[in-house]
Amino acid sequence: ASIFAVLCNSLPDEVVPRVRAALDAIPVFRQDGSVADLRSYVFEHMSERDRGSVLRRIQIACRAPDRLRQGFVVLSDVDDTLLPGHDVLQVAGSDRSWHLDGRLYPGASRIHKELRAGLREEYGGDYSVLLTARPPALVKDLTKKLRRIGVSDESRNRRLAILPGQGGIAKMTFNVMRVLTRDFSTIGQAKLQRMSEYSALFPDYQGRFVFIGDDGQADAEVAEEMLALGLTQSSPTETSGSNVGGTPMFAFVAIHAVLQDRGFAVAVQDREARTQRLRRTYPPLFDEVAPFPRCSGGSEERHRFFYFL
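Residues numbered from 1 in each chain as written. Predicted model: local features only at pLDDT ≥ 70, side-chain atom pairs only at ≥ 80, totals over all residues. Heavy atoms only, no water.

**Some words on the pairing of strand S2 (residues 128-131)**
Where burial is concerned, the two faces of S2 agree: the one with Ser 128 and Leu 130 and the one with Val 129 and Leu 131 are both buried. Pairing between strand S1 (residues 73-76) and S2: 2 bridges, direction parallel. Considered in S2, the bridge of Leu 75 is made with Val 129. In this structure, S2 lies alongside strand S3 (residues 160-163), joined through 4 bridges in parallel fashion. Note on S3: the bridge partner recorded for Ser 128 is Leu 160. (Buried < 20%, exposed > 50% of the residue type's maximum accessible area, 1.4 Å probe, protein only. Helix = DSSP H or I, 4+ residues; strand = E, 2+ residues; numbered from the N terminus. Pairing = 2+ DSSP bridges.)

Listed below in structure tokens is the structure:
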């Protein structure tokens, strides 16, 4: 880890963002099947001193894209967001609105491509980020299963960053038991922690993060905390120090309404109430308020929370 910190500080400014993207978007799997990703390497295997050194180097070398440039950094849940979870106990998910044979929801790969808009293409190929509750040892198959999500816009390279859930047999068992009792708080907080650390590694994209999740488990509840990132603090872990002037970290959060065997996981009136409350708390932002990429046509309002079916 110390060697990596020294290497990072010795790289020319123009090389740092390319190396960062390569380490983030090309997953490396250990013999036990767990993923060795950029986030875990910096936040779980480095000393506090080395971590601070790497984050400062990133802040100096990685410049924010022009505000007129389109594109977002897309973070997405997997089960019940990209495709239905279909294990017998419904631990992964419970959506029954689509086929349970591993097919992605219609338009899933297209929406990722449209939202990314080639924002990170110049660093070896653009890519999405999977923010999943699956433990580290159970994410290796995602690179093949979700290969359509991982195809770069221009280079056609398959790149995909993965931010897994908590690892270890004890934590995995504990989380499964809590899911079976419909308690998703631990999963939600783990996702928020992962996102906080990831944003510290990519401070130059502040205001361009978007999250796509579902309301079957913890995503809808965590949405409010995600929307608050950057407004009153840099992050829950206070690791990035990248927030300037209260600019939101997230442009918006979109939540898929899960349809279970007996109806929607969250009733229509409850979805509407949540949408209205979050839109009041986190109102639309305008060009002069935050450096969000412009959209072609339509209103200048940018709602920051919405549901989709």
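**As for the packing of aromatic side chains**
This structure, assessed with the given rule, holds 8 aromatic pairs. Taking the centre distance of 5.3 Å and the plane angle of 90° together, the rings of Phe 4 and Tyr 41 count as edge-to-face. Of the two residues, Phe 4 sits in helix H1 (residues 2-10) while Tyr 41 sits in helix H3 (residues 38-44), which places them 37 residues apart along the sequence. Given the relative accessible area of 16%, Phe 4 is considered buried. (Phe/Tyr/Trp six-rings, centres within 6.5 Å; stacked < 30°, edge-to-face > 60°.)

**Regarding the pattern of salt bridges**
Overall, the coordinates contain 15 salt bridges when judged by the stated rule. Close ionic contact of Asp 13 with Arg 57 constitutes a salt bridge, the shortest N to O distance being 2.5 Å. Placement of Asp 13 in the loop between H1 and helix H2 (16-25) and of Arg 57 in helix H4 (residues 48-61) is noted, with a sequence separation of 44 residues between them. The residue Arg 69 makes a salt bridge to Glu 122 at a minimum N-O spacing of 3.0 Å. Here Glu 122 lies in the loop between helix H5 (108-116) and S2 and Arg 69 lies in the loop between H4 and S1, a separation of 53 residues in the sequence. According to the relative accessible area criterion, Arg 69 is partly exposed, its value standing at 29%. Glu 122 gets classed as partly exposed once you look at its relative accessible area, which sits at 42%. Taken together, the shared-partner salt bridges in this structure form one network comprising Asp 37, Arg 39, Glu 44 and Glu 197. (Salt bridge = Lys/Arg side-chain N within 4 Å of Asp/Glu carboxyl O.)

**Regarding the nonpolar core**
One finds Leu 75, Tyr 198, Phe 209, Phe 250 and Val 253 to be the most contacted residues of the largest nonpolar core, which totals 52 residues. No other element matches helix H8 (residues 185-201), which puts 6 residues into this core. For Leu 75, the residues in contact, after removing those within four places along its chain, are Val 129, Leu 131, Leu 163, Met 195, Tyr 198, Phe 209, Val 210, Phe 211 and Ile 212. Listed in part, the 13 residues of the second largest apolar core include Leu 130, Leu 146, Ile 149 and Leu 160. (Core = buried A, V, L, I, M, F, W, Y, C linked by side-chain atoms within 4.5 Å. Contact = heavy atoms within 4.5 Å.)

**Some remarks on H1**
Regarding H1, the residues found buried are Phe 4, Ala 5 and Cys 8. Down the axis of H1, the buried side of the element spans an arc of 100°, and every buried residue falls inside it. What points out from H1, more than 90 degrees from its buried face, is the exposed set Ile 3, Val 6 and Ser 10. Turning to H1, the residues buried within the fold contact H2, H3 and H4. (Arc of directions from axis to C-beta.)

**Points about the side chain of His 256**
Residue placement: His 256 occurs in strand S5 (residues 250-256). Residue His 256 is classed as buried on the basis of its relative accessible area, which comes to 4%. Once residues lying within four places of it in the same chain are set aside, the contact partners of His 256 are Asp 80, Asp 95, Ser 97, Tyr 105, Gly 213, Asp 214, Asp 215, Tyr 307, Phe 308 and Leu 309.

**Describing the pairing of strand S4 (residues 209-214)**
By the criterion of burial, S4 is predominantly enclosed, with 6 of the 6 residues buried. Residues Phe 209, Phe 211 and Gly 213 of S4 are buried on one face, and the alternating residues Val 210, Ile 212 and Asp 214, pointing to the opposite face, are buried as well. Alignment of S1 against S4, held across 4 bridges, turns out to be parallel. Across the sheet, Val 74 pairs through a bridge with Val 210, a residue of S4. Two elements, S4 and S5, share 6 bridges in a ladder whose sense is parallel. Bridge pairing links Gly 213 to Ile 255 in S5.

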